[in-house]
Amino acid sequence: MSSLNHCIKFELDIKDENIVFKDYFYKSIKLQKHKIYEAELIQPACPFCGSLDLLHNGHLIANIHYPTANASLPVIIRLAKQRVKCRDCDHWSMAQSELVNKYCSISNASKLKVLSALTEDRSMTSIARENNVSINTVQRVLGNCSHRFIDSYEYLPAHLAFDEFKGVDRQLHFICLAGDNHQVVQILRTRYKKTLLKYFGRFSPQARANVKTVTMDLNFYYQDIVRACFPNAQIVIDRFHMIQMLTRSFNSLRVQVMKTFDKRSRQYQLLKSPWKLYLKKFDELEKVHPRYNWHYKDCLTQAQAVTEGINTSTALENSYNLMQSFIQAVETGNTHELKSLINCQDQIGTLMHKTLLIFKHNLTAVLNGAALPYSNGCLEGFNRKIKQIERTAFGYSNFTNLLTRIRLEEDLYKENILT
């Protein structure tokens, strides 16, 4: 075998001994310069009976697209596949190679490179341009990956996290993550109660009994699903959603009190301009160095501005103190203090009273959220990654393609593909 054949195989990283390279040259195709390699694919034996007594009957020329480091100079392997007839069994056959699939002109190496690029946050257009293939080819490679993610109904993690995200046609899709290793358990097209009960009902009783905690927001029917499907699971309300509901209730009351004053008054300006300070922890406010604020025409520290602002209303002051105590109790895991705050009878805003009433109806789950270390933080971060995937692709119209792309960009599958 010639040294030219060895050199080209070494350069292209081709190990098939039945491929013999004979020549290479440059050629302009559709006003673009291409590097052409001419090779012959030999059929050594009959694929049906293994006989070596073959009758050769010409070649089939196939132009195989091969990956290259320089995207401006595409590589094409002009492969001449032998057609043979076995003299023993009279079967006709054509030489095949692992370089490319039958009836295909895109090399398997190019498809593997496209698959590797799909694990990154990139658009299909840029992937197709880099690999000198069409966008439809990239979509076919993506579609062929859907079989990798076959569901198993024999195991569920001990700690789950439930949430939803906006996907195809702005619809809400259900997502479930493992609370320990933050791996995706399942993504469903809809978040309807009937769909979720049907999905989790497919798991074995042993798998459902293995679930110890399920973290969620205050979605009213998620708790019904947990009680119906997971007999040993504790419901955990996410700490972020509890504090978010409380701060929104306080903020609504602040705006309501602010509108009772004249817009040119000092009280109005104290409640309006430094609104972000009311949502911070009081311990983090500046208490030493006062600064001049042209809105209320005075030099005050952050703590003084907040204190004077909440003193304009008794309900606002009580709500602010309740919010600050609630945040501190959640951070320290003080369930006794949290329970007494939820049963508070002080004069507070109507919306905050409704929020505390919701917490009271879900008291056990709220206390679990403060006592246990599990939260939906991992799920919120993963939802942010999904938003970035959709933004890069300018949205998806096919749920299966979106699901496959999400799973491919998971670190777990990315490592398996690239190794």
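Conventions and cut-offs
- Residues numbered from 1 in each chain as written.
- Predicted model: local features only at pLDDT ≥ 70, side-chain atom pairs only at ≥ 80, totals over all residues.
- Heavy atoms only, no water.
- Patch = residues over 30% accessible without salt bridge, like charges linked within 9 Å, V, L, I, M, F, W, Y side chains within 5 Å.
- Areas by Shrake-Rupley, 256 points an atom, 1.4 Å probe, with all protein chains shown as cover.
- Salt bridge = Lys/Arg side-chain N within 4 Å of Asp/Glu carboxyl O.
- Lys, Arg positive; Asp, Glu negative; His and termini not counted.
- Charge placed at Lys NZ, Arg CZ, Asp CG, Glu CD.
- Helix = DSSP H or I, 4+ residues; strand = E, 2+ residues; numbered from the N terminus.
- Buried < 20%, exposed > 50% of the residue type's maximum accessible area, 1.4 Å probe, protein only.
- Pairing = 2+ DSSP bridges.
- UniProt positions renumbered as here; feature names shortened; annotations may be inferred.
- Expected span 1.5 Å × (residues − 1).
- Contact = heavy atoms within 4.5 Å.
- Axes fitted to C-alpha atoms, helices over the stretch in contact; angles between N-to-C directions.
- Core = buried A, V, L, I, M, F, W, Y, C linked by side-chain atoms within 4.5 Å.
- Parallel < 35°, antiparallel > 145°, perpendicular 65-115°, else oblique.
- Left-handed = near helix turned anticlockwise from the far one by under 90°.
- Nonpolar A, V, L, I, M, F, W, Y, C, P; charged D, E, K, R; others polar.

The chain carries the name Transposase in an unreviewed UniProt entry, which gives Lactobacillus helveticus as its organism.

Draft legend 1. Spatial organisation of a positive patch on the surface. A cluster of basic side chains, namely Lys166, Arg170, Arg384, Lys387 and Arg391, defines a positive patch on the protein surface. Ranked by the residues each element gives to the positive patch, the list is headed by helix H16 (residues 377–392), at three residues. Relative to the helices and strands, Lys387 is located in helix H16.

Draft legend 2. Highlighting the pairing of strand E6 (residues 159–166). Most of E6 is tucked away: seven of the eight residues are buried. Pairing geometry for E6 and strand E9 (residues 213–216), over three bridges, is parallel. Across the sheet, the residue bridging to Ala161 is Thr215, located in E9. Strand direction decides the pairing type here: E6 and strand E7 (residues 172–178), joined by seven bridges, are antiparallel.

Draft legend 3. Representation of unusual backbone geometry. If you check the backbone angles, Lys30 has positive phi at about 55° while not being a glycine. Mapped onto the secondary structure, Lys30 falls in the loop between strand E1 (19–29) and strand E2 (32–41). Positive phi values are uncommon outside glycine, yet Leu31 reaches one of about 65°. Summarising the element assignment, Leu31 is placed in the loop between E1 and E2.

Draft legend 4. Fine view of the UniProt feature "domain: Transposase IS204/IS1001/IS1096/IS1165 DDE" (unreviewed entry) in the chain. In the UniProt entry, the feature "domain: Transposase IS204/IS1001/IS1096/IS1165 DDE" (unreviewed entry) is given for residues 161–406. Across residues 161–406, helical content stands at 54% and strand content at 13%; the span's end C-alpha atoms are separated by 17 Å.

Draft legend 5. Region of the structure containing H16. The end-to-end C-alpha separation of H16 is 23 Å, in line with the 22 Å expected for 16 residues at 1.5 Å each. Here H16 has its buried residues at Cys378, Leu379, Phe382, Asn383, Ile386, Ile389, Glu390 and Thr392. The inward-facing, buried residues of H16 abut E6, E7, strand E8 (184–188) and helix H17 (399–408). Phe394 occupies a position one or two residues after H16 and carries a positive phi of about 55°.

Draft legend 6. Focus on the sheet that holds E9. On the basis of which strands lie adjacent, the open sheet formed by five strands has the order E8-E7-E6-E9-E10 and mixed pairing. Strand pairing shows two members of the sheet lacking a second neighbour, E8 and strand E10 (234–237), which therefore form its edges. If you compare each strand with its neighbour and ignore which way they point, the axes differ by 20° on average. As paired strands, E9 and E10 are joined by four bridges and run parallel to one another. Looking across to E10, one finds that Thr215 is bridged to Val236.

Draft legend 7. Examining the nonpolar core more closely. Counting 58 residues, the largest nonpolar core has Phe162, Phe200, Val214, Phe230 and Phe326 as its most contacted members. With eight residues, helix H12 (residues 314–332) is the largest single contributor of residues to this core. Residues within four places of Val214 in sequence aside, it is in contact with Leu160, Phe162, Val226, Phe230, Ala233, Gln234, Ile235 and Val236.

Draft legend 8. Broad picture of the packing of helix H8 (residues 239–258) against helix H14 (residues 350–361). Across the interface, H8 lies against H14 with an axial gap of 8 Å and an inter-helix angle of 160°. Considering their axes alone, H8 and H14 lie roughly antiparallel with respect to each other. Of the two possible hands of crossing, H8 and H14 adopt the one that is left-handed. The segment H8 lies against H14, with Met242, Met245, Leu246, Arg248, Ser249, Phe250 and Ser252 engaging Leu351, Met352, Thr355, Leu356, Ile358 and Phe359. Taken together, the residues of the contact of H8 with H14 break down into nine nonpolar, three polar and one charged.

Draft legend 9. Spatial organisation of the packing of helix H2 (residues 108–118) against helix H4 (residues 135–143). Where H2 meets H4, the closest approach of the two axes is 10 Å, and the angle between their N-to-C directions is 75°. As far as their axial angle goes, H4 and H2 are roughly perpendicular. Listed contacts from H4 to Lys111, Val114, Leu115 and Leu118 of H2 are Val138, Val141 and Leu142. Its residues placed into classes, the contact of H2 with H4 shows six nonpolar, no polar and one charged.

Draft legend 10. Examining the environment of Ala305 more closely. In this structure, Ala305 sits in helix H11 (residues 302–310). When residues no more than four places from it in sequence are discounted, the contact partners of Ala305 are Leu270, Tyr278, Tyr296 and Leu300.

Draft legend 11. Representation of the side chain of Glu164. Within the secondary structure, Glu164 sits in strand E6. For Glu164, a relative accessible area of 16% puts it in the buried group. In this view, Glu164 contacts Leu172, His173, Phe174, Ile175, Arg191, Asp217, Asn219, Tyr222 and Asn383; residues no more than four positions away in its chain are not counted.

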